[in-house]
Amino acid sequence: MKLELNDQQKMIQKMVREFAEKEVGPIAAELDEKGEYPTETLEKMAKLGLLGIFIPTEYGGAALDTISYATVIEEISRKCASTGVITSVHNSLVSYPIMKYGTEEQKKKYLPILAKGEKIGAFAGTEPNAGSDLGAMQTTAKLKGNKYIINGDKTFITSGPKAGIIIVFAVTDKSAGAKGISTFIVENTMKGFKVGSIFDKMGINANLVSELIFEEMEVPKENLLGKEGDGFKIALNTLDGGRIGIAAQAVGIAQAALDESIEYSKQRQQFGRPIAKFQAIQWMIAEMATSIEAARYLLYNAAYAKDKGGRFSKEAAMAKLFASETAMNAAIKAVQIHGGYGYTKEYTVERLFRDAKITEIYEGTSEVQKMVIAGSLLR
Ligand SMILES: Cc1cc2nc3c(=O)[nH]c(=O)nc-3n(C[C@H](O)[C@H](O)[C@H](O)COP(=O)(O)OP(=O)(O)OC[C@H]3O[C@@H](n4cnc5c(N)ncnc54)[C@H](O)[C@@H]3O)c2cc1C
């Protein structure tokens, strides 16, 4: 067993790290403060192939593996967690299901646009009354002639106000329960599509998250993804891959918290010496570094399991559960190491603290990850 990135993965990691340091980090605090979407950064990322990570080259993508994807999301999130999650959703919750379940026509039509970043992708599963219990969704889709008519409200949608291509889940057969859910490729230009309120959030403020409202929305019949009734299966399978992205985002946030803590603790003097000389600070740094290393191994393990083929739900859930808790714990320690300064917006750790929390909530809360892990062990 070789616990090392291969040459191509190392090259991608280096390229994205340099890009993030030059282009993402310097504007992250400003975008967060203004609640401004990173449109220009995404355009630059598209040119580097980072918006078509999994997409085969014949559709204009970079055709990279999941470990490369994990390193991309980690390095971007290390500098800006908002840009990290936008990139993760675009690649793993939108391009990936089209690649996996789409017809040749759907792939030809949508994958090149997504790879070039001409349109950003969003994933619309959550509803006001269907969060962890996604199967309880109430949005309906009824076939009328050659169109599906979709009615309902989605909430908390990452990139909602900016996305051009949205993977939407809706009930086509109420009597069949979760097996009556179907998936659609929706464009924001379709009649009846509306962006609702944008949320005022605690963190990841450069990621605009909104409601999406569908009123008699007309979606061409050929935009059904997979078969009618496949929707719940597509959602769960897609979210398994998405969770690898969120684990990577969490590792990036945690690594940033450690980077900032090491630098600050060497500079800050108290009692006539740098605080890094105090064992209390050293222990926090040692604990952070150890958890980050463990989280990164779980992340690579899940990415490897996905690329190997077969089920990887347990591995993805373990990576997401552990990495998100690592991010939160690392952010708490980083603020503590910065003392009062860490509680101000002048220091990056304040943003990391706010950004870390969401990794324990979206794409399945920590409690949901434990349900997935236990479910796969007790089958
Ligand atoms: C910033 C942000 C971005 C998001 N982006 C997207 C997106 O792009 N697309 C999308 O579809 N959704 C998105 N979401 C929604 C997100 O995935 C949900 O918020 C999340 O799945 C939890 O659902 P909920 O908020 O309804 O909480 P609930 O499901 O109501 O959960 C509330 C609490 O109850 C617990 N709980 C629920 N059921 C159980 C159970 N059976 N056993 C034990 N505990 C349980 C939960 O763990 C949690 O602690 C986003 C959310 C946020 C905040």
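Residues numbered from 1 in each chain as written. Predicted model: local features only at pLDDT ≥ 70, side-chain atom pairs only at ≥ 80, totals over all residues. Heavy atoms only, no water.

Student: How should I be thinking about the overall build of the protein chain in this particular structure?
Tutor: Of the regular secondary structure elements, the protein chain holds 10 helices and 10 strands. Its C-alpha atoms give the protein chain a radius of gyration of 21 Å, within 12% of the compact-globule value 21 Å for 379 residues. Per-residue burial over the protein chain gives 54% buried out of 379 residues. Taking the intrachain contacts of the protein chain between residues at least 6 apart in sequence as the baseline, contacts between residues at least 24 apart amount to 74%. In the structure as shown, the protein chain presents an accessible area of about 17200 Å², 53% of it carried by carbon and sulfur atoms. In the protein chain, the 47 positive side-chain charges and the 46 negative ones have mean positions that sit 3 Å from each other. (Helix = DSSP H or I, 4+ residues; strand = E, 2+ residues; numbered from the N terminus. Rg over C-alpha atoms; globule rule 2.2 N^0.38 Å. Buried < 20%, exposed > 50% of the residue type's maximum accessible area, 1.4 Å probe, protein only. Contact = heavy atoms within 4.5 Å. Areas by Shrake-Rupley, 256 points an atom, 1.4 Å probe, with all protein chains shown as cover. Lys, Arg positive; Asp, Glu negative; His and termini not counted. Charge placed at Lys NZ, Arg CZ, Asp CG, Glu CD.)

Student: Would you mind going over the pairing of strand β5 (residues 181–187) with me for this structure?
Tutor: Side-chain direction in a regular strand flips from residue to residue, so the side chains alternate between the two faces of the sheet. Within β5, 7 of the 7 residues are buried, which leaves the element mostly enclosed by the surrounding structure. Burial along β5 is two-sided: Ile-181, Thr-183, Ile-185 and Glu-187 facing one way and Ser-182, Phe-184 and Val-186 facing the other are all buried. Here 7 bridges tie strand β4 (residues 165–171) to β5, and the two strands are oriented antiparallel to one another. Paired with Val-171 across the bridge in β5 is Ile-181. Pairing of β5 with strand β8 (residues 224–225) involves 2 bridges; the strand directions are antiparallel. Its bridge partner lying in β8, Phe-184 is registered against Leu-224. (Pairing = 2+ DSSP bridges.)

Student: Explain the site of the ligand to me, please; I cannot follow it from the model alone.
Tutor: The environment of the ligand is formed by 18 residues, the closest being Thr-126, Ser-132, Phe-156, Thr-365 and Glu-367. In this structure, an oxygen atom belonging to the ligand sits 3.5 Å away from a main-chain N or O atom of Glu-363. In this structure, an oxygen atom belonging to the ligand sits 2.7 Å away from a side-chain N or O atom of Glu-367. Elements represented by at least two residues in the shell around the ligand include exactly β3 (147–158) and α10 (366–377). By residue number, the principal contributor to the shell around the ligand is β3, which donates 3 residues. Along the lines of polarity and charge, the residues of the shell around the ligand split into 9 nonpolar, 6 polar and 3 charged. The two domains that each donate at least three residues to the shell around the ligand are domain 2 (122–231) and domain 3 (232–377). (Near = heavy atom within 4 Å. Polar contact = N/O pair within 3.5 Å; in protein donor to acceptor, adjacent residues only side chain to side chain. Nonpolar A, V, L, I, M, F, W, Y, C, P; charged D, E, K, R; others polar. Domains from an automatic or database assignment.)

Student: Any chance you could explain the layout of surface pockets here in plain terms?
Tutor: In this approach the atoms are scanned with a rolling probe the size of a water molecule, which exposes any empty space left behind. Computed from the structure, the second largest pocket encloses a volume of approximately 430 Å³. In this structure, the second largest pocket is lined by 14 residues; those nearest its centre are Lys-2, Leu-3, Glu-4, Ile-67 and Tyr-300. Mapped onto the lining of the second largest pocket, the elements with two or more residues apiece are α1 (7–34) and α7 (279–308). Class assignment for the residues of the lining of the second largest pocket results in 7 nonpolar, 2 polar and 5 charged. Counting only domains with at least three residues in the lining of the second largest pocket, you end up with domain 1 (7–119) and domain 3 (232–377). (1 Å grid on protein atoms, 1.4 Å probe; cavity = no way out; pocket = protein on both sides within 12 Å on 5 of 7 lines; lining within 4 Å. Points joined across faces, edges and corners; volume = space filled by probe spheres on them.)

Student: What should I look at first to understand the domain arrangement of the protein chain in this one?
Tutor: Reports of interface size often rely on the accessible area that becomes lost once the parts have come together. Structurally, the protein chain comprises domain 1 (7–119), domain 2 (122–231) and domain 3 (232–377). Averaged C-alpha coordinates put domain 1 and domain 2 at centres separated by 22 Å. Across the contact, 23 residues belong to domain 1 and 20 residues belong to domain 2. Between domain 1 and domain 2 lies a buried interface of about 1900 Å² when both sides are counted; carbon and sulfur atoms form 66% of it. Of all residues in domain 1, the largest losses of buried area upon contact with domain 2 belong to Tyr-37, Tyr-110 and Lys-119, amounting jointly to 30% of the total for that side. Applying the counting rule to domain 1 against domain 2 returns 2 salt bridges. (Buried area = accessible area lost by both parts, 1.4 Å probe. Salt bridge = Lys/Arg side-chain N within 4 Å of Asp/Glu carboxyl O.)

Student: Would you take a moment to explain a nonpolar patch on the surface for this structure?
Tutor: Side chains of Met-1, Leu-3 and Tyr-297 sit close together on the surface and give an oily, nonpolar patch of about 430 Å² of accessible area. Structurally, the position occupied by Leu-3 is in the segment before α1. (Patch = residues over 30% accessible without salt bridge, like charges linked within 9 Å, V, L, I, M, F, W, Y side chains within 5 Å.)

Student: Just checking my understanding: could you explain unusual backbone geometry for this structure?
Tutor: For residues besides glycine, phi is generally negative; the peptide bonds are generally trans as well. Of note, the phi angle at Ala-63 is positive, near 50 degrees, even though the residue is not glycine. With respect to the helices, strands and loops of the structure, Ala-63 is situated in the loop between α2 (39–47) and α3 (66–79). The exposure class assigned to Ala-63 is partly exposed, which follows from its relative accessible area of 44%. Despite not being glycine, Ser-159 shows a phi value in the positive range, around 65 degrees. Topologically, Ser-159 is positioned in the loop between β3 and β4.

Student: What am I meant to see in the packing of helix α4 (residues 81–101) against helix α6 (residues 231–267) here?
Tutor: How two helices pack is summed up by the angle between their axes together with the distance between the axes. In contact at an axis separation of 9 Å, α4 and α6 are set at 155 degrees when each is read in the N-to-C sense. Taken together, the axes of α4 and α6 are roughly antiparallel relative to one another. Handedness of the crossing formed by α4 with α6: right-handed. Residues Ala-81, Val-85, Ser-88, Ser-92, Leu-93, Tyr-96, Pro-97, Lys-100 and Tyr-101 of α4 pack against Lys-233, Ile-234, Asn-237, Thr-238, Leu-239, Gly-241, Gly-242, Gly-245, Ile-246, Gln-249 and Ile-253 of α6. Grouping the constituent residues of the contact of α4 with α6 by class yields 10 nonpolar, 8 polar and 2 charged. (Axes fitted to C-alpha atoms, helices over the stretch in contact; angles between N-to-C directions. Parallel < 35°, antiparallel > 145°, perpendicular 65-115°, else oblique. Left-handed = near helix turned anticlockwise from the far one by under 90°.)

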